[in-house]
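What the coordinates show
Take a look at the letters that make up each chain.
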Amino acid sequence: MKSLDRFIRALRRLPGVGPRQAERFAAYFLRTSQGETEEFISALTALKQGIKLCRVCFCYSEADVCPICSDDDRDHSQICVVEDPQDIEAIEKTGAYKGLYHVLHGAISPLDGRGAEQVKVRELLARIQQASPAVREVILATDPDSEGETTALYLADLLRGQVEQITRIGYGVPLGGDIDYVDEMTLGYSLKGRTKL
C-alpha cells in the first residue's frame, strides 16, 4: 500500500518517532473518523498559515511582535539568548525570569557547516545596538553541549563592551542535554545561579 508507506515515511521524519511508533500513528489515523482526520488537517494547516517569527526575538508568534516582546511589564534591559523557540517555553515555566528573549534558531557547529551567519547572531547585535532603553545584561542560555558552549563563548566575545554584563546559565542543567527536556526546578536554579563570562 503505497499511500500507507508514504504516510509512515512522513511520520518518521518527526523528531523522536521511530518505525513502530510511526506505524501506530498511521493505524490510529486509519481508524479515526473522517471528521477527526479533517480537524487534524485543519489544525496543521492553520498552524502553518497562522504562525510566523516575531520580528523582534524570532520566537513563534501569531502577530508581528510576540506577547513577551510587547509586554511592558517585562524587563527590557535583559535578553536571554536561546537556541530554539521551545527553550523559551521551558524557561517561562520556571517563573524565574522576567526579561526578554532572542532565539538563534540553532547553534554554531563548524562540523555541521553551521557558522554564525546561519543563526540569528547578526540580528542579536543589531537589536542590542538599537535598544532603547539599553540592554544591560545578556544571558546566554544555549544548550550545555559542545555546540551550545561554542556558541556561548563566541557570543560572549562578540558582546564584550556592548553590554554591562554577560552571563551564562548555571550548570544545574545536565551536560549534553537539551534545555527543553530539563525539569522546571533545575532550570529555575540554573537561571538564578548563572555565572558571569
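Here we summarise the structure given alongside this text. (Residues numbered from 1 in each chain as written. Predicted model: local features only at pLDDT ≥ 70, side-chain atom pairs only at ≥ 80, totals over all residues. Heavy atoms only, no water.)

1. Section: the sheet that holds strand S6 (residues 165-168)
Backbone-to-backbone hydrogen bonds join strands into a sheet, with any given pair of strands oriented parallel or antiparallel. Quick reminder of the rule: We call two strands paired when DSSP finds no fewer than two bridges between them. Counting from the N terminus, the helices are the DSSP runs of H or I reaching at least four residues and the strands are the DSSP runs of E reaching at least two. The criterion used for residue contact is that any of the two residues' heavy atoms lie within 4.5 Å. Think of each axis as a best-fit line through the C-alpha atoms, taken over the contacting stretch in the case of a helix, with angles from 0 to 180 degrees between the N-to-C directions.
On the basis of which strands lie adjacent, the open sheet formed by five strands has the order S4-S3-S5-S6-S7 and mixed pairing. At either margin of the open sheet sits one strand with a lone partner, and together these are strand S4 (99-103) and strand S7 (195-196). Across the face of the sheet, helix H4 (residues 85-94) comes into contact with strand S3 (75-82) and S4 while running at roughly 155° to S4. Contacting S3, S4 and strand S5 (137-140), helix H5 (residues 121-130) crosses the sheet at an angle of about 150° to S4.

2. Brief notes about the nonpolar core
Stated precisely, the cut-off is as follows: Nonpolar cores were defined as sets of buried Ala, Val, Leu, Ile, Met, Phe, Trp, Tyr and Cys residues, with membership established by side-chain atoms within 4.5 Å. Any residue under 20% of the maximum accessible area for its type is buried, any over 50% is exposed, and the rest in between are partly exposed; the area is computed with a 1.4 Å probe on protein chains only.
Cys80, Val82, Ile88, Ile91, Tyr97, Tyr101 and Ala141 are the most contacted members of the largest nonpolar core, which has 23 residues in total. Secondary-structure elements contributing two or more residues to this core are S3, H4, S4 and helix H7 (184-192). Residues contacting isoleucine 88, with those up to four places away along its chain left out, are Cys59, Ile68, Val82, Tyr101 and Val103. By size, the runner-up hydrophobic cluster in this structure holds 19 residues, among which are Ala116, Ile128, Val138 and Leu155.

3. Things to note about the layout of surface pockets
Stated formally: A cavity, in this analysis, means grid points on a 1 Å lattice covering only the protein atoms where a 1.4 Å probe fits yet has no way out; a pocket is instead an open set bounded by protein on both sides within 12 Å along at least five of seven lines, and a residue lines either one if it has an atom within 4 Å of a point. Grid points are joined across faces, edges and corners, and a volume is the space filled by probe spheres set on the points. All residues other than Ala, Val, Leu, Ile, Met, Phe, Trp, Tyr, Cys, Pro, Asp, Glu, Lys and Arg, Gly among them, are scored as polar; the first ten of these are nonpolar and the last four charged.
The computed volume of the largest pocket comes to approximately 320 Å³. Taken together, Phe7, Ala10, Leu11, Leu14, Phe25, Phe29, Phe40, Ile41, Leu44, Leu47 and Lys48 form the lining of the largest pocket. Mapped by element, the contributors of at least two residues to the lining of the largest pocket are helix H1 (2-12), helix H2 (19-31) and helix H3 (34-50). Partitioned by chemical class, the residues of the lining of the largest pocket number 10 nonpolar, no polar and one charged. Lining the second largest pocket we find Val56, Cys69, His76, Ile79, Leu100, Arg127, Gln130, Ala131, Ser132, Pro133 and Val135. Of all the secondary-structure elements, those providing two or more residues to the lining of the second largest pocket are S3 and H5. Taken together, the residues of the lining of the second largest pocket sort by class into seven nonpolar, three polar and one charged.

4. Here's the deal with the pattern of salt bridges
One side chain can pair with another of opposite charge once the charged atoms of both are near each other. The cut-off we apply is this: When a carboxyl oxygen of Asp or Glu lies within 4 Å of a side-chain nitrogen of Lys or Arg, that pair is called a salt bridge.
Evaluation of the coordinates by the stated rule reveals five salt bridges. Arginine 160 serves as the salt-bridge partner of aspartate 157, at 2.9 Å between the closest nitrogen and oxygen. Residue class for aspartate 157 comes out exposed when judged on its relative accessible area of 56%. Its relative accessible area of 44% is what places arginine 160 among the partly exposed residues.

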